[in-house]
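# Survey of secondary and tertiary structure
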Amino acid sequence: MKSVLILNGPNLNLLGTRQPEVYGSETLAMVEERCRSHGETLGLAVTCVQSNHEGVLLDQIHAAKGRHHGIVLNAGAYTHTSVALMDAIYSVEIPTVEVHLSNIHSRESFRHTSYISRAAIGQICGFGSFGYLMALEALKQRFSGSEPE
Ligand code: DQA
């Protein structure tokens, strides 16, 4: 069975109460539960981790090598600043889908730049928590080798 790490970065532990008009009213626990359940229907083992610390996120990406076949990453604000997270994704060579709840391209200009995008196989944003489920679908396609080149 293929295994996927769902990694959430800073402030995403506050989902449900943090700017619900932007990020929705579901808590992170609810989002993670939906991911695990959708993973089950796709035949994927899903592990969920959240951290507010860039170094912990780096450690999680490094530790994913040999343990997980894919990563779904919402790096929060580190998306727009972290060359280190981009380098980590390049280093482990694990297919990574970048996810954002909000449409970062329709927001402030500083959110339009994503370092993660350079290393990710694709980006999904603007669909709320459904984006995580879409990312699992994308990885499933990738694992079965039938994704478009
Ligand atoms: C976010 C978008 C980021 O710009 C922001 O800093 C976040 C959440 C999103 O999911 O929409 O923390 O990654």
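It should be emphasised that the depicted structure is a prediction, and the values quoted were computed from it without experimental measurement.

Looking now at the overall build of the chain. In terms of regular secondary structure, the chain is built from six helices and five strands. Written out in order from the N terminus, the α and β elements of the chain read β-α-α-β-α-β-α-β-α-β-α. Here the C-alpha atoms of the chain give a radius of gyration of 14 Å, agreeing with the 15 Å that 2.2 N^0.38 yields for 149 residues. Across the 149 residues in the chain, those meeting the buried criterion constitute 47%. Taking the contacts inside the chain whose residues are at least 6 apart along the sequence as the reference set, 76% of them involve residues at least 24 apart. As displayed, the chain offers around 7,200 Å² of accessible surface, 52% of which is attributable to carbon and sulfur atoms.

This next bit is on the site of the ligand. Close contacts around the ligand come from Arg-18, Tyr-23, Asn-74, Gly-76, Ala-77, His-80, His-100, Leu-101, Ser-102, Ile-104 and Arg-111, and that covers them all. Coverage of the ligand by the protein amounts to 99% of the 320 Å² it exposes when considered alone. Grouping the constituent residues of the shell around the ligand by class yields four nonpolar, five polar and two charged.

On to the sheet that holds strand S2 (residues 44-50). With respect to topology, five strands assemble into an open sheet ordered S2-S1-S3-S4-S5, the strand pairing being parallel. One side of each edge strand has no neighbouring strand; the edge strands of this open sheet are S2 and strand S5 (122-125). Sheet twist, expressed as the average angle between the axes of neighbouring strands with direction ignored, equals 20 degrees. Its contacts with the sheet put helix H3 (residues 54-64) on strand S1 (2-8), S2 and strand S3 (70-74), and the angle it makes with S1 is roughly 175 degrees. Taken strand by strand, helix H6 (residues 130-143) contacts S1, S2, S3, strand S4 (96-100) and S5, and its axis lies near 155 degrees from that of S3.

Taking 1.5 Å of rise per residue, the 14 residues of H6 would be expected to cover 20 Å, and the 20 Å separating its terminal C-alpha atoms lies within 8% of that figure. Taken together, the buried positions of H6 are occupied by Gly-131, Tyr-132, Leu-133, Ala-135, Leu-136 and Leu-139. Against the buried residues of H6 lie S1, helix H2 (28-42), S2, S3, S4 and S5. Positive backbone phi, approximately 75 degrees, marks Gly-145, located one or two places after H6.

We now examine the nonpolar core. Residues Ile-6, Cys-35, Val-72, Tyr-132 and Leu-136 are the most contacted members of the largest nonpolar core, which totals 22 residues. When contributions to this core are tallied by element, the ones reaching two or more residues are S1, H2, S2, S4 and H6. No other element matches H6, which puts five residues into this core. Among the nonpolar cores identified, the runner-up in size contains 19 residues, and Leu-7, Leu-58, Met-86 and Ala-120 belong to it.

How each quantity is defined
Residues numbered from 1 in each chain as written. Predicted model: local features only at pLDDT ≥ 70, side-chain atom pairs only at ≥ 80, totals over all residues. Heavy atoms only, no water. Helix = DSSP H or I, 4+ residues; strand = E, 2+ residues; numbered from the N terminus. Rg over C-alpha atoms; globule rule 2.2 N^0.38 Å. Buried < 20%, exposed > 50% of the residue type's maximum accessible area, 1.4 Å probe, protein only. Contact = heavy atoms within 4.5 Å. Areas by Shrake-Rupley, 256 points an atom, 1.4 Å probe, with all protein chains shown as cover. Near = heavy atom within 4 Å. Nonpolar A, V, L, I, M, F, W, Y, C, P; charged D, E, K, R; others polar. Pairing = 2+ DSSP bridges. Axes fitted to C-alpha atoms, helices over the stretch in contact; angles between N-to-C directions. Expected span 1.5 Å × (residues − 1). Core = buried A, V, L, I, M, F, W, Y, C linked by side-chain atoms within 4.5 Å.

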